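# Observations on chain architecture
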Amino acid sequence: MRVLGIEGTAWCASAAVYDSETDDVHIESDPYLPDSGGIHPREAAEHMSDALPSVVDAALSYAEREYGRASIDAVAFSRGPGLGPCLRTAGTAARSLAGSLSVPLVGVNHMVAHLEIGRHRSGFENPICLNASGANAHVLGYHDDRYRVLGETMDTGVGNAIDKFTRHVGWSHPGGPKVEAAAADGEFLELPYVVKGMDFSFSGIMSAAKDRYDEGAPVEDVCFALQEHVFAMLTEVAERALSLTGADELVLGGGVGQNDRLREMLEAMCTQRGASFFAPEPRFLRDNAGMIAVLGAKMAAAGDVVPIRESSVDPNFRPDEVPVTWRPGDES
Ligand code: ATP
């Protein structure tokens, strides 16, 4: 099966072609990079409508070159969660493409796609998943035909918290890679550490990091401390999820997962408890249409398609709302 995936939840206009026979995933992306400040919803939506046609064109040209005309069997799109205006643009593009290609439409939950790409690439059967992305932070586990939210942020997403600190410092978006680079020269200082049971909070630590910077602490030290605290919180909850469920596999998803220090902490924790750890390559961690196409193929193979009239987007679409209709290997 070959699926055209379309991603349009926020900053990344992306289209991809997935061929389940060869497992080849070809991704075309055009990111929105704000001139100043963070992601502005109106500018992100304008970028989505400007950039989506060319990434879709490039993906379809690739499909035609590699597989010939009429090679797409389904169109999958990110139905949510995300920014409403961006989602609506991507949804409209997906509906019209499914109609013009006369193929089924698949509505994919973006957070489940972040998780499933790790399961797909690792071959893990039943992992715990840590989704560490810009707008979200979830620990998920599969039970009774759904991915259950075992723990999550009580306020802001983990990447958004880091980005708010870097905006305060005057650095351009996205902040995560800049914090990672600066942390290499930093030393530890104390910040709040907030884990409540299986949930975590990032807004207090982000405010405290701003305060420490304003009080004159070297920015490298604040970046180092921010990473150590935030990633230890994520690692603690991921470990508790492994321990409470008895699972012995962990996969990482989301753009913050590109951070070496986070991967190092998770890997060390898994090694210490005899669990396996897998993080997909960076192109599958940050927002991308490849993960939408791969999960779309699994859903389409399971008959989990959506009529166009019922395919409205959902900015608050939670991963635990999705009945899991597919199984590993279903996509071929
Ligand atoms: P979601 O997937 O929840 O909709 P999102 O659309 O913001 O979130 P992602 O692509 O998953 O997108 O993640 C983007 C976030 O990843 C940004 O907040 C960015 O700062 C962060 N990020 C990128 N690289 C790194 C890094 N090396 N270290 C830490 N954070 C990073």
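Above this note sits the structure.
First, a word on what this report is: a plain description of the structure on this page. The structure displayed is predicted, hence computed values, not measured ones.

What counts, and where the lines are drawn
- Residues numbered from 1 in each chain as written.
- Predicted model: local features only at pLDDT ≥ 70, side-chain atom pairs only at ≥ 80, totals over all residues.
- Heavy atoms only, no water.
- Helix = DSSP H or I, 4+ residues; strand = E, 2+ residues; numbered from the N terminus.
- Expected span 1.5 Å × (residues − 1).
- Buried < 20%, exposed > 50% of the residue type's maximum accessible area, 1.4 Å probe, protein only.
- Lys, Arg positive; Asp, Glu negative; His and termini not counted.
- Salt bridge = Lys/Arg side-chain N within 4 Å of Asp/Glu carboxyl O.
- Near = heavy atom within 4 Å.
- Polar contact = N/O pair within 3.5 Å; in protein donor to acceptor, adjacent residues only side chain to side chain.
- Areas by Shrake-Rupley, 256 points an atom, 1.4 Å probe, with all protein chains shown as cover.
- Pairing = 2+ DSSP bridges.
- Axes fitted to C-alpha atoms, helices over the stretch in contact; angles between N-to-C directions.
- Contact = heavy atoms within 4.5 Å.

## A short note on helix 7 (residues 219-245)
Relative to the 39 Å expected for 27 residues at 1.5 Å per residue, helix 7 spans 39 Å between its end C-alpha atoms, a close match to the ideal helical length. Two residues or fewer past helix 7, G246 is found with a positive phi of approximately 80°.

## Looking at the side chain of R79
If you trace the backbone, R79 turns up in strand 4 (residues 74-80). E310 provides the closest opposite charge to the buried, salt-bridge-free R79, at an N-O distance of 6.8 Å.

## What about the site of the ligand?
Taken together, 22 residues sit near the ligand, with S133, N136, D163, E180 and D287 positioned nearest. Within the side chain of H110, one N or O atom sits 2.8 Å away from an oxygen atom of the ligand. In this structure, G159 approaches the ligand through a main-chain N or O atom, which is 3.3 Å from an oxygen atom. When the ligand sits alone it has 640 Å² of accessible area, and the protein chains cover 93% of it.

## Things to note about the sheet that holds strand 4
The strand order across the open sheet formed by five strands is 3-2-1-4-5, and the pairing between neighbours is mixed. Where the open sheet ends on each side, the last strands, each with one partner, are strand 3 (24-31) and strand 5 (105-109). The sheet shows a mean angle of 20° between the axes of neighbouring strands, direction not considered. As judged from the eight bridges shared by strand 2 (residues 12-19) and strand 3, these two strands associate in the antiparallel manner. Within strand 3, the residue paired with S14 across the bridge is S29. This element, helix 3 (residues 110-122), spans strand 1 (2-7), strand 2, strand 3, strand 4 and strand 5 of the sheet and lies at about 90° to strand 5. Packing against the sheet, helix 10 (residues 289-301) makes contact with strand 1, strand 2, strand 3, strand 4 and strand 5, and its axis sits at approximately 130° to strand 1.

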